[in-house]
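Structure at a glance
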Amino acid sequence: MEFFKIKKDIPFMRHALAFNVVSLVTFLLAVFFLFSRGLHLSVEFTGGTVMHVTYSQPVEIEGVRNAVTALGYNDVQVQNFGTARDLTIRLPVVKGVSTAQQSDKVIAALNALPDAAQNPVTLRSTEFVGPQVGDELVEGGLKALGFVVLGIMVYLAFRFEWKFAVAAIVANLHDVVIILGFFAFFQWEFSLAVLAAVLAVLGYSVNESVVIFDRIRENFRRLRKLNTVQVIDNAITSTISRTIITHGCTQVMVLSMLLFGGETLHYFALALTIGICFGIYSSVFVAAAIAMWLGIKREDLIKGPKRDIDPNDPNSGAVV
Amino acid sequence: MNRYPAWKYALILVVLLIGVVYTLPNFFGESPAVQVSSGKATLKLDTPTLQRVEEVLKSADLKPTAISFDGNSIKARFTTTDEQLKAKDALQRALIPNADEPSYIVALNLLSSTPQWLTSLHAAPMYLGLDLRGGVHFLMQVDMSAALTKKAESLSGDIRTLLREKGIRHSGISRNGQTVEVNARDAQTAEAAKNAISDAFPDLNVVQTPTGAEFKLSATLKPIAASKEQEAALKQNISTLHNRINELGVAEPVIQQQGLDRIVVQLPGVQDTAKAKDILGRTATLEIRMVDESPEARGAERGDGAVPFGDERFLDKNSQPVIVKKQVLLTGDNLTDAQPGFESQTQEPTVNLTLDAKGARIFRDVTRDNVGKRMAIILFEKGKGEVVTAPVIRSEIGGGRVQISGRMTAMEATDESLLLRSGSLAAPMEIIEEQTIGPTLGAENIAKGFHSVSWGFMVIVIFMCLYYLVFGVISSVSLGVNLLLLVAVLSMLQATLTLPGIAAMALALGMAIDSNVLINERVREELRQGAAPQTAIHAGYDRAWATILDSNITTLIAGLALLAFGSGSVRGFAVVHCIGILTSMFSAVFFSRGLVNLWYGTRKKLKSVRIGTVWMG
């Protein structure tokens, strides 16, 4: 079996401008939604209480919401969680009230509803996070992001060259922003697990760019007749089959999580899916193009051997 | 060129063997067990207790598959739940004659049924996180500034005593936040006080600040001493929590320090959060009351006559009754410290108590009025009080420093001070994170995680085998080895497996296949360019290696960042993620090359390799 029979190098870079415009537009849209709608942060970040309850029969959300609101909470969210029998109830942080009291009160209120006898409710799980933890998570998340960006840039600058480092980071940060944009647009819940997924995606799609950069470096060494654009085209073309297959395999795993992992892993898998799809796009079309705009040259990557045969150097070939 | 020296194969075999051994315990599951632990802080389990448990089981005609004693609890494992229940009944009957005053806790538990030979290799299954087994999780924040304030409070008392002893006439000592301020009328007194304080308390930093006509000294704890103080406060809180949680009879509680000022408490299997929180948050389990010395009370103490009105009867360590008044003089809240020590003249072992300012004042008044009488220190556990000690008051005690001496061994003094310390928290705590997971939810999460990994794994294996044929099979085996090693390393580290951890496992496998795809594509490419099969394999692996290394390192950087800055579940994810990357380097490159070499490397005249269609341009 062989999926990719490509005779000639595909001239990706001819359309580089178009790709970059598409990226820019998506990026700006993502930023726009991030600012206009904001992220729907999970209780881990905002602080508050989340309760998961199960009914023995499907239940009207409205009735539950009214019962909980009647307890005096202003901002109560009640949502279905997977099935019509499972509900998620989110309560804001209330000063001076312990969570045990909160969840007990809510369960008592739900049991006091008229149809509670036929349709009893059970508490599946509760989660309470104090407000101080949320701030720390945001801080930790930003630190982690900073560390990843810096770490990867230093490594790539050391292994390749600063232009590649910049290109890879710009391309992949744009993935991250786009994932966040999706979460903002659809108001999906942004939890700690999603944050982990986003950072994992950052590492993962940089890895994708690295594979292409590696090939570009190798091509600069081997295919001396080609110019920079041709070298890049050839590098992308010859790695495209690996790119698709690898991402396909990773996506299979993520899809499996999306299908079987249940609610807990749902958004985690969703973030990974978007990350993987845009990871391919950005590595293939964006990273290489940015590297091209930044003006990568053969000389940038193969300094050592190049200097040895520099024709302008009068001391060329002289060895002490 | 495609041959491994024998040592490399040997290395692969050894690694595989270790992988299998340490992964194995995860497959044995758990078997029913009965756990016996101490029900009272005053009672310690020891080898005679173990023998007694063994005897009880023997006389009940029960044969545990294993019985172990780990210092804190005795665990006996059985094959069936029926036996387990019988054993629990038998032990309960034998060890707890009086159900109202249980000195032992006999609880049902699940123990890993890993065979002995594996356990002796320290091979144990991964620990399941709360989201997989159900239970409650608390994260508590210790109020460190309160601990320091408490310390400053007791220091101001100490300084007052010191200056009085030295005859230095100050004009007032007060505590301002975490600073102790001493006022003096003239520079000489201030200087003398400063020297005296610096000599007596090397942990204090004393600065003189002239304010108008007065001379003021500000004494603050040095940073090292302050951090020591905080550490001690955290330790005491943890041990207090341990004692309280013992009351809940939880099989395997986790009580750990997290960061500098936080404590994680995880109680697997506990569903009643309200009760758990009630017990964790309880203060003052220690009370100081006067012993009733009236003839009626003496009579009741001896056993003839009823307990007088307004009194209560408690037992001491030796089960001797003590009749004390109901009025509570002091609680554990007023006790800042309790340490074992020695009497300076008689060298008798003592227990030294330190009270806070309020406690010291009350104590002084009480002791002045009650010289010659006894006072009882009562520790409450499960609502039941036990008299830890009932010393006679010899004289008025001021300054909040109390020395209890007489008829104690050094060991007893140590135990007693520990008990007294555990009666109170060194600093108040607040629950800042709480999670309850129902047991069915835990089981569902395990199933979900397992399905995610297994279905994804299967699809990848089928695809790889179809697309790359023999090389695909080799890649699939490598992927399997990767999973094996990942589980083995996690088991070796005794990591806690959580649902995000399982997700990371799935993701690690999805990413690990990348290395094999890179290699296989490279080999195909070499073949496409007309290289001989053996050369193609060699060049393919060689050239792919640089790329694999680069891409894995960038992924590892992201993983390390998560590990360093993440918390809780993200950490669990990051650990698996990082280990997955490392094991994949071994399995996808070193191990798969070994298989390829074994399969193709020995053939001298290799015409073709089965790596799927190599389309010739």
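Predicted model only: the values in this text are computed from it and were never measured. (Residues numbered from 1 in each chain as written. Chains lettered and ligands numbered in written order. Predicted model: local features only at pLDDT ≥ 70, side-chain atom pairs only at ≥ 80, totals over all residues.)

**Points about the overall build of chain B**
A tally of helices and strands in chain B yields 16 helices and 23 strands. In terms of C-alpha radius of gyration, chain B reaches 33 Å, well past the compact-globule figure of 25 Å for 617 residues. Across the 617 residues of chain B, 44% fall into the buried class. When contacts within chain B are restricted to residue pairs at least 6 apart in sequence, long-range pairs at least 24 apart make up 71% of them. (Helix = DSSP H or I, 4+ residues; strand = E, 2+ residues; numbered from the N terminus. Rg over C-alpha atoms; globule rule 2.2 N^0.38 Å. Buried ≥ 20, exposed ≤ 12 C-beta atoms within 10 Å, placed from the backbone. Contact = placed C-beta atoms within 7 Å.)

**Structural notes on the environment of Ser 395 of chain B**
All names here are of chain B. Locating Ser 395 in the fold gives a position in the loop between β20 (384–389) and β21 (401–405). With 9 C-beta atoms counted inside 10 Å, the residue Ser 395 sits in the exposed group. Once the C-alpha coordinates of Ser 395 and Arg 368 are considered, the two residues, 27 residues apart in sequence, prove to be 6.8 Å apart.

**Looking at the domain arrangement of chain A**
Accessible area lost during the coming together of the parts is what is often quoted as the interface size. One can read the domain layout of chain A as domain 1 (12–40 + 133–303) and domain 2 (48–129). If you average the C-alpha positions of domain 1 of chain A and of domain 2 of chain A, the two centres end up 40 Å apart. (Domains from an automatic or database assignment.)

**Here we look at the sheet that holds strand β4 (residues 104–112) of chain B**
All names here are of chain B. Here we have 4 strands laid out as an open sheet, ordered β2-β3-β1-β4, and antiparallel in their pairing. The sheet is open, and its two edges are formed by β2 (66–69) and β4, each paired on a single side. Geometrically, the sheet is characterised by an average inter-axis angle of 20° between neighbouring strands, direction not taken into account. One ladder, built from 4 bridges, connects β2 with strand β3 (residues 73–77); its direction is antiparallel. Counterpart to Ser 68 in the pairing with β3 is Lys 75. Packed onto the sheet, helix α2 (residues 47–59) meets β1 (30–38), β2 and β3 and runs at close to 30° relative to β3. In this fold helix α3 (residues 81–95) packs onto β1, β3 and β4, with an angle of close to 10° to the strand it touches most, β1. (Pairing = 2+ DSSP bridges. Axes fitted to C-alpha atoms, helices over the stretch in contact; angles between N-to-C directions.)

**Here we look at helix α1 (residues 6–23) of chain B**
All names here are of chain B. For α1, spanning 18 residues, the distance from its first C-alpha to its last is 26 Å, which sits close to the expected 26 Å at 1.5 Å a residue. Taken together, the buried positions of α1 are occupied by Ile 12, Gly 19, Tyr 22 and Thr 23. Around the axis of α1, the buried residues are gathered within 110° of arc, so they sit on the same side. Among the exposed residues of α1, those pointing more than 90 degrees away from its buried face are Ala 6, Trp 7, Ala 10, Leu 13, Val 14 and Leu 17. In this structure, the buried side of α1 is in contact with α13 (439–492) and α16 (569–601). (Expected span 1.5 Å × (residues − 1). Arc of directions from axis to C-beta.)

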